[in-house]
Amino acid sequence: MARKILVVDDEKLIVKGIRFSLLQDGMEVDCAYDGEEALEMIKTNTYDMVLLDLMLPKIDGIAVCQQVREFSNVPIIMLTAKGDDMDKILGLEYGADDYITKPFNILEVKARMKAIFRRSGGSESEGRQSEAARKVISSGSLKLDCDARTLQISGREIYLTAKEFDLMELLASNPGKVYSRESLLNTVWGYDYPGDVRTVDVHVRRLREKVEPNASDPKYIQTKWGVGYYFGQN
């Protein structure tokens, strides 16, 4: 089945160029030109990925990303003309999976998309597996289904971005093992990722806000001061 992509940008030439290239790869492509339109389309359709511009009319990309994360874990790549590091951190902090600065090469965009799809993994047949046949990690009230890529806390599903899930899965699969921030960055984001270890800190903070009863006193994602992070055995 073809991947379904939503491209959101108020610059119609950019949307046209991205759409044409993705169609050539056999993908289905919808387009939106402001934040309100994008939100409505994401609420009423199922997308495999959203390419989201930061500077949008009506509702900006950060606000769109933040609102989408309240109901969906669809992968989001932010596109922006801004190159400031704080903008990148803000984009990731509010739930973006990756960040590309304009002007960009469409081949780079497609490479980033493929990397996220590859890490997201999971086929439909895997989704139909019985829970017993899946890799399911349980710890206290937390249940992580690694094949279905879902996380539940006390029976309530928690929406995670692709990178948040990858990070959670790596830590939870190796309880007690301490990973340095550099190791997590290289393993989850890849050695060619242009960001730095602050990306890891941002994602750990977001994960704690989502999964911990008390984010300031975490029981799942714990810190080994001066070394890195690890998953506590509960």
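Residues take numbers from 1 onward in each chain, read along the sequence in its written order. Local features in this predicted model are restricted to residues whose pLDDT is 70 or higher, and side-chain atom pairs enter the listing and the counts only when it is 80 or higher, whereas totals over whole chains, interfaces and linings include all residues. To get the side-chain values, all heavy atoms of the structure are used, and hydrogens and water are removed first.

Naming follows an unreviewed UniProt entry, where the protein appears as Stage 0 sporulation protein A homolog of Bacteroides pectinophilus CAG:437.

**Structural notes on the packing of aromatic side chains**
Pairing of aromatic rings covers Phe, Tyr and Trp, the last through its six-membered ring, and needs centres within 6.5 Å; plane angles under 30 degrees mean stacked, over 60 mean edge-to-face, and all others mean tilted. If you walk through the whole model with that rule in mind, you get one aromatic pair. Between tyrosine 220 and phenylalanine 231 the ring centres are 6.0 Å apart and the planes differ by 25 degrees, which places this aromatic pair in the stacked class. Placement of the pair is tyrosine 220 in the loop between α9 (198-211) and β11 (221-224) and phenylalanine 231 in strand β12 (residues 228-231), with a sequence separation of 11 residues. Using a relative accessible area of 3% as the deciding quantity, one classes phenylalanine 231 as buried. One residue, arginine 3, lies across the ring of phenylalanine 117, its end atom 3.9 Å from the ring centre. Put simply, a charge is over a ring when the Lys NZ or the Arg CZ is close to the ring centre, within 6 Å, and near the line of the ring normal, within 35 degrees. Lying across the ring of tyrosine 33, lysine 12 places its NZ or CZ 5.3 Å from the centre. By the criteria applied, helices consist of DSSP H or I runs no shorter than four residues and strands consist of E runs no shorter than two, each listed in order from the N terminus. Think of it in three bands: with a 1.4 Å probe and only protein chains considered, a residue is buried below 20% of the maximum accessible area for its type, exposed above 50%, and partly exposed in between.

**Considerations on the packing of helix α8 (residues 181-189) against α9**
Any two packed helices are characterised by the angle at which their axes cross and by the distance between the axes. To obtain an axis, a line is fitted to C-alpha atoms, over the contacting stretch when the element is a helix, and the angle between two such axes runs from 0 to 180 degrees between their N-to-C directions. The N-to-C vectors of α8 and α9 enclose an angle of 85 degrees; their axes lie 9 Å apart at closest approach. Taken together, α8 and α9 sit at an angle that is classed as roughly perpendicular. Contact with α8, carried on its side by Arg181, Leu184, Leu185 and Trp189, involves Arg198, Thr199, Val200, Asp201 and His203 of α9 and no other residues of that element. Taken together, the residues that form the contact of α8 with α9 break down as four nonpolar, two polar and three charged. We call two directions roughly parallel when the angle between them is under 35 degrees, roughly antiparallel when it is over 145, roughly perpendicular when it lies between 65 and 115, and oblique otherwise. The contact rule is simple, with two residues in contact once any of their heavy atoms fall within 4.5 Å. Under the grouping applied here, Gly and all other residues not named as nonpolar or charged are polar, the nonpolar ones being Ala, Val, Leu, Ile, Met, Phe, Trp, Tyr, Cys and Pro and the charged ones Asp, Glu, Lys and Arg.

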